[in-house]
Each structure stands twice: as structure tokens, then as C-alpha cells.
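Fold and geometry: a report
Here is how the chains run, residue by residue.
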Amino acid sequence: MSPWVVLHAVFALPTLAALLAGTVVGIFIGALPGIGPAVGIGLLLPLSYFLRPAEALLFYVSLYQAAEYGGSITAIAVSTPGAPNSAATILDGYALNRAGAPGKAFGYSLWAAIFASYAGILGMFLLAQPASIVALALGSAEFAVLGVFALTMVGTLSASAPLEGLLSGLFGLLLSTVGTDLITNAHRYTFDQPGLFDGVPLLPVLVGVFALPQVVRLLSGPAPAPATGLGNRYRVWISRREFRAVLRPTVLGTVVGFVLGLLPGLSGSVPPWVSYNAAKSISRHPERFGTGTPEGIVAPEATNAAVMHSTLIPAFTLGVPGTPTSAVILGAMMIAGLQPGPLLMRQHADVVYELLTGLLISTAALWIMGLLTTQIWARTVSLPRHVLAASIFVLCMVGAYTARSNVFDVWMTLLFGAVGYFMDALGYSIPSLILGLILGGVIETNARQALIISHGSFGVFLSSPISASLLAASVLSILYALRIRRREQGRPPISPGDA
Amino acid sequence: MIGREDERPRQIARRVSFAVFVILGAAAWEQTAGFGSSGGGGSALLPRVASGGIMVLGLVGLAVPPRDRAARRWPLDRSLFIHLAYFAAYGILMPEIGFVTTTVALAVALVVGFGGGVRAIRLAIAEAAFVAVVYVVFTRLFQVQFPRGLLP
């Protein structure tokens, strides 16, 4: 496809407006404590119905990218991560802020995010096509097993308790089977509710499990700490010499993030800690980590930005998301009429290249907005939490209704809000639930196709080395989950200090 | 600080959650009998795998009691059930009274009820203005018609 066509589409006013809006909203959402990109995108999913697919995708991915930086603003300003993966930034970011250099702390975070974002976009450009060619070479049996593998990996590795993670994934799988079966026309778990004939509606589930529990938490939890250490005037900036001094940990963080982001289950809150420790181990002054050293800011921030980009590669080409936010973005793609998976590059290469080119612009927009507006966003953390909760609630309900103009969806949102709250509070994994719901269709369609081709022989799932090894890895991860549970059982009771 | 005394209700809640999963899995498995078996493993294939897995893992969870390390520290107390009651009441009343009125009422109630003081009134007005902006954007720009009850 011609690059000029892509450039023409990207520089069209609605596309530019979408990516700029995504960037502004993303920084704001990221800067609000506890409201991560998954919740933000979940709240704004109804916009998919009113935007062109490429515009919708650019809006959400720009939002995701900007929210990753926004999360560091809260971490540096008030020592509260905007999202769990910003936790590693607190150690040195907040310390540098307290040492009287908030502008430098934000500057290091911003530069690392911009560097890693451009590297990540380059990686996406280079890998999107080869990954899609590999995906096209896979057969139905391999795809079905790949879905199972992703689900078990995310279930066992992303959840704080592997057994609960697996249970959440299976619950998501079960939910994905609700509706009319397209092959046999059988009604499965529909309970004669017309609202369920097409399956469990994705948007109300996403909004319900991600956003509504946040409303309850905001109403019940403690008020966020006021921003301290931030002077009235400071400049978000680092010099070229300062940037050169942290180039090594920035590159390290980028590479670690990009590689781990490709692996389902390992792209949650783990990568920034991996790169933080790796940066510490290669540093000439490891003793300075935790006291406000710039290396401790750039490594996890570069990782977060790189993970965000690389996790979209398996999400787009295989339909396997590695983070909760990429799972929500897959949901947004489906709502916008794009089917993630091996055929995406063949059928909608224009959309993918428009996205990647648009991301180059939205990264520049993030850089400019980060330099000019970080001071403003740093103060949004003091928004009254009950006002925030009420506003999120309004957006949840309006969003849930707008999707299909159906009151049933509002009820579903409320129901899944309660389900999501209890599951999360009891240690179950919401990302696994969503992944199960999204991957259920892929797993079932491909498994049944493979079984039809093999005349009902389950040996088809072991016939190729790829599917056999993925299946073995899935079984091993389940055994690992059970082993962890046994080991937990052997541990002494938890002391109050553990909490 | 969360001591062992405070962990007990949460431990019980987690055990109850495993029991709920076992019951859910069993009920879902029982339903699969009517799904048919033609077409590549049949309509019942994935529901059986999922419900069977839920039952097995739920039983493992019940047999090997969980430690509280995994659970988050979000409230599981009376205040939570009060909030859930608001939302349930909203779900019931909304079709009768009207989407916009009920949503505004609950949003303002949350702001006033949890804010307190003179500032709460100002914040409630700001919240009502926010709802009005959302309403105008969705009805005018996106042509969404929100359901009416006795009121808009």
C-alpha cells in the first residue's frame, strides 16, 4: 500500500483530532491515582461506534501510550502509582521530587517514555508483517492451543495467586460460550434473554469489571495524599548531557520492556521491576538507587513505554493480548469492526500502518504536552475522590447504555461491576477473566475446525511440534499453579507486618 | 495494620467464593446436556471444558485453603454493601423514573453524601454540570436517545 495514502489519512483533521484527544485524555487518566489506561479506555469504549476504525484505534492506543507516562506523574508527585506498573518509578522519582527537583524527575520520566515509544513503534513497524506471516502459517489446532497457552500463562503469571488466575480465565471462557452457537444454532446459557442471544455483551463487561469497582474503591478508600514537594514553578526539562548520562539504562529498559511485552503473562507490573534491578546491577553507583537517582527513573519508565508497544504485536497479529489494556483495546477493535488475528494485516493493513504512523505523531504530541502541561496534571491528584467516583459512574452508565441503546446492558454493567469488585478483592484476576472472554471465541472456533478436519480425533492438538509444545507448556503452568498453592499451604500464617 | 482477627472474614469470603465457583461449574455442566454434539466436538465442547475446569479448580481451592497473601486490601465490609445497594436501587429505579434523572440524582447524591460541608454543594453543582455536558454530547453529537420513565 502506498505510503502517501497512509500519510494522507493520518494528516486528515479527524485523525489528528483523535490522536491528540487520546494523548490529552491519556495523560489525565494516567495521572489520576488508581484510574489506569484499562479503566480509561473501558469508559470511552462507546466512542468506537462513532469513529472510523483507524481513528478509534489511534485514539485508544494514543490514550494508552499517554496514560503510561501519566501514571509516572502521580508516582513522582504523591508517591502513589497511577497504575500498578508505575510502582517502580516511585522509589527514585518521588525521592528526586522530595530532593527539590520535581522538574528533573518528570523530565527523566518523559524523555525515557519518548525514547522507548519511538523504539517501540520502530519495533512494531519491523515485526508486524513478519509476525502476521508466522500467524498465517499456523493451523486451527495451533491457534486453539495458542489461545489456551496464553490463557494459562496470563492466569498463572499475572495473578497474585495462580489458582485464582486460572479460575478467572475459565470463568471468562465460560462467559464466552453464552449465546447462540453459530454452527448448531443451539442457545447456550441464554435463559431466554434476547440480550444474551448474541453472547455476553463485551462493552458492559469491560466497563463493569474495570471501571465500576473503581467507583466503589474511590468511595470507600482513603483520600489520596496531597501533592508535596512540588514548587509553584519548575521546568520539566533535562539537558542533553543529562540524557546522555542515562542513555544506557534507558536503552536497557527499552529492550527489557520490548522483549517481555511480547510474552503473554509477563507484561504486567513485573517488567519495570526487572529493568529497575537490571539497571541497578549495571550501574556504577548501585548504592544510589532509591535515593533519587535518574537511572532508577528512566529504566522502569522506558520499560513501561516499550511494553505498551510490543504487547500490541501479539495482540494484533495473533489476537492474544498480554496486558489488561491491550485486552480492552482488542475489545475496542472488535466493536469498531476489526478482527484482530492473522488476517488483520491482510485485510486491514491500511489501518495498522495508519496506526503506526499516527503513533509517531502522538508520541511527539505527548512530548510537547508533557513538557508544557505536566505541572497542571500533577495537581489533578488532589481532585476530590467522591467527585471522581460520581463522574466515573455517570460515564459508565452512559457508556453502557449507548453501546446498544439497551437498558439490559446497563444491568449487565452493574452486575459485572459487583462481580469484578468481589473477584478483585478476593485475589482473582480480572485480566484473565477478560482474556478468557475474548479468547474464548478464538479457541472454540479453531478447536472445532481442527476437530472437524481430524474427524473428531483429539490427537490433532498433538500432531504438530508447535501445538504439542504449547500444550505441554500450558499443562506445566497449571501444575505450577497447583504447586504454588501447596507451597503457600506450607507457609506459616501471615503476620500483621506482611500486610 | 491487618491482623489475623481481620483476616478471618476475608478467609471465609474466599472459601465461599470457591464454593460459588464449584456450584457455578456444576450448574453450567448440567446445562450442557442440551447443547448438542454435532459439529467438531459439538456446542458442548468448550462449555464442558470450562465448567469442568471451574469445578475441579474450585474443589482444589476448597481442599487447600488459601492464605490471604493474594487478596487485596479493598474493603469487604458494610460500607461496600451500602454502595452496592445504591447501584442496585439505581438499576431498579432507572427504567421507571428515567435514565437522565436517576443518573443525575445518584451522581449528586454520591458527591453530597460523601463530600460533606459547604463545599459539597458547589461540587454537586459542578457534578450536575458535568452530567449535563455528557448528556448534551451524547444526545446532540452522537444522537443517542436515553430511555424515559416518568421523567427524562
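Look above for the structure.
The structure displayed is predicted, hence computed values, not measured ones.

A few points about the overall build of chain A
Summing up its helical and strand segments, chain A has 21 helices and two strands in all. C-alpha extents for chain A along the principal axes are approximately 70 × 65 × 45 Å. The buried share among the 499 residues of chain A stands at 64%. By element, 67% of the accessible surface of chain A is carried by carbon and sulfur atoms, the whole surface being about 17,800 Å². Averaging the coordinates of the 24 positive side-chain charges in chain A and doing the same for the 19 negative ones gives two points 12 Å apart.

Focus: helix H12 (residues 270-282) of chain A
Residue and element names in this part refer to chain A. Taking 1.5 Å of rise per residue, the 13 residues of H12 would be expected to cover 18 Å, and the 19 Å separating its terminal C-alpha atoms lies within 8% of that figure. Among the residues of H12, those classed as buried are Pro271, Pro272, Ser275, Tyr276 and Ala279. Each buried residue of H12 sits inside an arc of 140° when the element is viewed along its axis, so together they form one side. Residues of H12 that are buried make contact with helix H5 (87-98), helix H11 (247-261) and helix H13 (295-310).

So, the pattern of salt bridges
Residues and elements named next belong to chain A. If you walk through the whole model with that rule in mind, you get seven salt bridges over all chains. As a salt-bridge pair, Arg188 and Glu444 come within 2.7 Å of each other at their nearest N and O atoms. Placement of the pair is Arg188 in strand S2 (residues 187-188) and Glu444 in helix H20 (residues 430-453), with a sequence separation of 256 residues. You'll find Arg188 and Glu444 in the same group, each marked buried.

Thoughts on the environment of Ile27 of chain A
Residue and element names in this part refer to chain A. Along the polypeptide, Ile27 turns up in helix H2 (residues 13-31). The spatial distance from the C-alpha of Ile27 to the C-alpha of Ala67 is 4.8 Å, given a sequence separation of 40 residues. Not counting chain neighbours up to four residues away, the residues in contact with Ile27 comprise Ala66, Ala67, Gly70, Ile73, Leu366, Met369 and Trp377.

Quick word on the nonpolar core
Core analysis: the largest hydrophobic core is formed by 189 residues, its most contacted members being Tyr60, Phe316 and Ile329 of chain A. It is helix H4 (residues 53-78) of chain A that provides the largest number of residues to this core, a total of 15 residues.

Here's the deal with unusual backbone geometry
All names here are of chain A. Of note in this structure, Asp192 is not a glycine but carries a positive phi near 60°. With respect to the secondary-structure elements, Asp192 resides in the loop between S2 and helix H9 (202-220). What makes Asp192 exposed here is its relative accessible area of 68%. In this structure, His455 is a non-glycine residue whose phi angle is positive, near 55°. Within the secondary structure, His455 sits in the loop between H20 and helix H21 (465-490). Of the residues examined, His455 reaches a relative accessible area of 76% and is grouped as exposed.

Re the side chain of Glu142 of chain A
Residue and element names in this part refer to chain A. Mapped onto the elements, Glu142 comes out in helix H7 (residues 140-158). Buried Glu142, no salt bridge; nearest opposite-charge side chain is Arg346, N-O distance 15 Å. Look past the residues within four positions of Glu142 in its chain and what remains in contact with it is Ser464, Ile466 and Ser467.

What to know about the side chain of Thr413 of chain A
Within the element layout of this structure, Thr413 of chain A appears in helix H19 (residues 407-425). Those residues in contact with Thr413 of chain A, other than ones at most four positions away along the chain, are Pro204, Val207, Gly208, Leu212, Met397 and Ala400 of chain A.

A look at the packing of H4 of chain A against H5 of chain A
All names here are of chain A. With their axes 7 Å apart at the nearest point, H4 and H5 run at an angle of 55° to one another. As far as their axial angle goes, H5 and H4 are oblique. The chirality of how H4 crosses H5 is right-handed. For the pair H4 and H5, the contacting residues are Ser72, Ala75, Ile76, Ala77 and Val78 in the first and Thr89, Ile90, Gly93, Tyr94 and Asn97 in the second. Split by residue class, the contact of H4 with H5 holds six nonpolar, four polar and no charged.

Quick notes on a nonpolar patch on the surface
Together, Leu122, Leu126, Leu127, Leu262 and Leu263 of chain A make up a nonpolar patch on the protein surface, roughly 420 Å² of accessible area in all. Among the secondary structure elements, Leu126 of chain A is positioned in helix H6 (residues 102-137).

The rules we used
Residues numbered from 1 in each chain as written. Chains lettered and ligands numbered in written order. Predicted model: local features only at pLDDT ≥ 70, side-chain atom pairs only at ≥ 80, totals over all residues. Heavy atoms only, no water. Helix = DSSP H or I, 4+ residues; strand = E, 2+ residues; numbered from the N terminus. Buried < 20%, exposed > 50% of the residue type's maximum accessible area, 1.4 Å probe, protein only. Areas by Shrake-Rupley, 256 points an atom, 1.4 Å probe, with all protein chains shown as cover. Lys, Arg positive; Asp, Glu negative; His and termini not counted. Charge placed at Lys NZ, Arg CZ, Asp CG, Glu CD. Expected span 1.5 Å × (residues − 1). Arc of directions from axis to C-beta. Contact = heavy atoms within 4.5 Å. Salt bridge = Lys/Arg side-chain N within 4 Å of Asp/Glu carboxyl O. Core = buried A, V, L, I, M, F, W, Y, C linked by side-chain atoms within 4.5 Å. Axes fitted to C-alpha atoms, helices over the stretch in contact; angles between N-to-C directions. Parallel < 35°, antiparallel > 145°, perpendicular 65-115°, else oblique. Left-handed = near helix turned anticlockwise from the far one by under 90°. Nonpolar A, V, L, I, M, F, W, Y, C, P; charged D, E, K, R; others polar. Patch = residues over 30% accessible without salt bridge, like charges linked within 9 Å, V, L, I, M, F, W, Y side chains within 5 Å.

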